[in-house]
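# What the coordinates show
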Amino acid sequence: MDLSTTFMGIKIANPLIVASSGLTNSVDRVKECADAGAGAVVLKSLFEEQIVTDKNALTAKDDMYFWYPQAVDFINTFSKEEGINIYLRMIESCKKAVSIPVMASINCVSPKEWPKFAAEIEKSGADGIELNIFIPPTNINLTGYKMEETYVDIIHEVRKNVSIPIGVKVGFYFTSLYRTMYKISNLDINSLVLFNRYFRPDIDIETLRVVAQNVYSSPSEITLSLRWIALLYGNIPRELVAATGIHDYQGVIKQILAGASAVQICSTLYKNGVPYLRTMLDEMEQWMANKGYENLNSFRGLITRSEENTAAFERVQFMKKTTGQLF
Ligand SMILES: Cc1cc2nc3c(=O)[nH]c(=O)nc-3n(C[C@H](O)[C@H](O)[C@H](O)COP(=O)(O)O)c2cc1C
């Protein structure tokens, strides 16, 4: 059975990519992912703030305290230079330790001084760089257009500084998601990763405090990326990589049927352990054997070939015809 595919245009042995997270924040963990059969890994993101912010410049009012608590911890622990050097050394060591592609990741919020740092990442041997772009949509003066332009500017600036493949990982907070994905995918990038899942603060009604709950996704969250992969497949000129809510081999198969080239997984490996990768691969192969598919191209995007299916992904209101029930 041939499970090979591509990620950022690079051939990988199978479509299971371990997503940027604590699962990929050290050489040992990356090695564990490779040993368990991962097709590729995306290293834990280095945050733009880690590259440009000095500890002393941080104030509790900064947006990042809310959106990027891990970056704040990191900045409080290491100086800017230490942080960057630790990251570059980790890329070098991971490249020596494993033979699967190792992608670096930067969380970016602006196209300012930091893109030059992307060149350092390239020099340290990363096979590609994933831009985890998120501009908090919490500024009343920020128009949708301006926000989208910032995404474009970031990608242009990074591309000027590197020749390795670029993946762009985004969330879904866009005024016009389809058009923005189209615009981004027409830039000089290699993959589009849909969608990141952000930190989701909750409220403890006993202590009356904000708490970090819901750190991991649930399988039902797969439907958001499934819809958008199906709608975009064949209509934009880039590889689509699915993320969020893919917890088992069925989730992987669904995303490939919708048109994904590969998938990124995280929560399921936190819950079931990294060796669960191997189970997912075995079960995928079994499903393919039962269906008579020898490779992923035999069924990639299959679901989008019928107009009825595409129409179902476009539909958002419940109707008797789509639910089978009259509410
Ligand atoms: C503990 C944790 C840390 C994460 N850190 C990052 C990160 O640094 N950069 C990033 O792009 N995504 C990060 N993510 C998001 C994951 O890469 C992934 O996109 C998200 O969890 C959705 O996939 P899942 O449903 O398989 O968990 C993190 C997720 C978790 C649970």
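Scroll up for the structure.
Here the structure is a predicted model, which means the values were calculated and not measured.

Reading guide: rules and limits
- Numbers given to residues run from 1 along each chain, matching the order in which its sequence is written.
- Only residues with pLDDT of 70 or above have their local features reported here, since the model is predicted, and side-chain atom pairs are shown and tallied only from 80 upward, although totals for entire chains, interfaces and linings are computed over all residues.
- Note that water and hydrogens are dropped before the side-chain values are worked out from all heavy atoms of the structure.
- Axis definition: a line fitted to C-alpha atoms, over the contacting stretch in the case of helices. Angles run 0 to 180 degrees between N-to-C directions.
- In DSSP terms, a helix is any run of H or I states spanning at least four residues, a strand is any run of E spanning at least two, and both are numbered starting from the N terminus.
- Geometric relationships in this document are graded by angle, where less than 35 degrees denotes roughly parallel, more than 145 denotes roughly antiparallel, 65 to 115 denotes roughly perpendicular, and other angles denote oblique.
- For a crossing to be left-handed, the near helix must be turned anticlockwise from the far one by less than a right angle; the clockwise case is right-handed.
- Contacts were defined at the residue level, with two residues in contact if any of their heavy atoms lie within 4.5 Å.
- Residue classes follow a fixed rule: Ala, Val, Leu, Ile, Met, Phe, Trp, Tyr, Cys and Pro count as nonpolar, while Asp, Glu, Lys and Arg count as charged, and any other residue, Gly among them, counts as polar.
- Residue burial is assigned from relative accessible area. The probe radius is 1.4 Å, only protein chains are included, and a residue is buried under 20% of its type maximum, exposed over 50%, and partly exposed in between.
- Two strands pair if DSSP finds at least two bridges between them.
- Proximity criterion: a residue is near a molecule or strand once any of its heavy atoms comes within 4 Å of it.
- Under the rule applied, a polar contact is a pair of N or O atoms within 3.5 Å (in protein, one hydrogen donor and one hydrogen acceptor; residues adjacent in sequence only if both atoms are side-chain atoms).
- All accessible areas in this document rest on Shrake-Rupley with a 1.4 Å probe, and a residue is counted as covered only by the protein chains that are shown.

### Focus on the packing of helix H9 (residues 222-232) against helix H13 (residues 307-314)
Across the interface, H9 lies against H13 with an axial gap of 9 Å and an inter-helix angle of 130°. Comparing the axis directions of H9 and H13 gives the class oblique. Crossing of H9 against H13: the hand is left-handed. Along the contact surface, H9 presents Leu226, Arg227, Ala230 and Leu231, while H13 presents Thr310, Ala312, Phe313 and Glu314. Classifying every residue of the contact of H9 with H13 gives 5 nonpolar, 1 polar and 2 charged.

### Quick word on the pairing of strand E6 (residues 102-108)
Most of E6 is tucked away, with 7 of its 7 residues classed as buried. Alternating residues of E6 divide into Val102, Ala104, Ile106 and Cys108 and Met103, Ser105 and Asn107, and every residue in both groups is buried. The pairing of strand E4 (residues 40-42) with E6 spans 2 bridges and is classified as parallel. Residue pairing for E6: Val41 is matched across the bridge by Val102. Here 2 bridges tie strand E5 (residues 46-47) to E6, and the two strands are oriented parallel to one another. In the strand pairing of E6, Phe47 is matched with Asn107. In the sheet, E6 pairs with strand E7 (residues 128-133) via 6 bridges, with the strands oriented parallel. In the strand pairing of E7, Asn107 is matched with Asn132.

### Side note on the site of the ligand
Taken together, the neighbourhood of the ligand is formed by 18 residues, with Ser20, Ser45, Ser217, Gly245 and Ser267 sitting nearest. Within the backbone of Ser20, a nitrogen or oxygen atom sits 2.6 Å from an oxygen atom of the ligand. Ser45 is positioned such that a nitrogen or oxygen atom in its side chain is 2.6 Å from a nitrogen atom of the ligand. For the ligand, whose unbound accessible area comes to 610 Å², protein coverage reaches 92%. Within the shell around the ligand, the residues separate by chemical class into 5 nonpolar, 10 polar and 3 charged.

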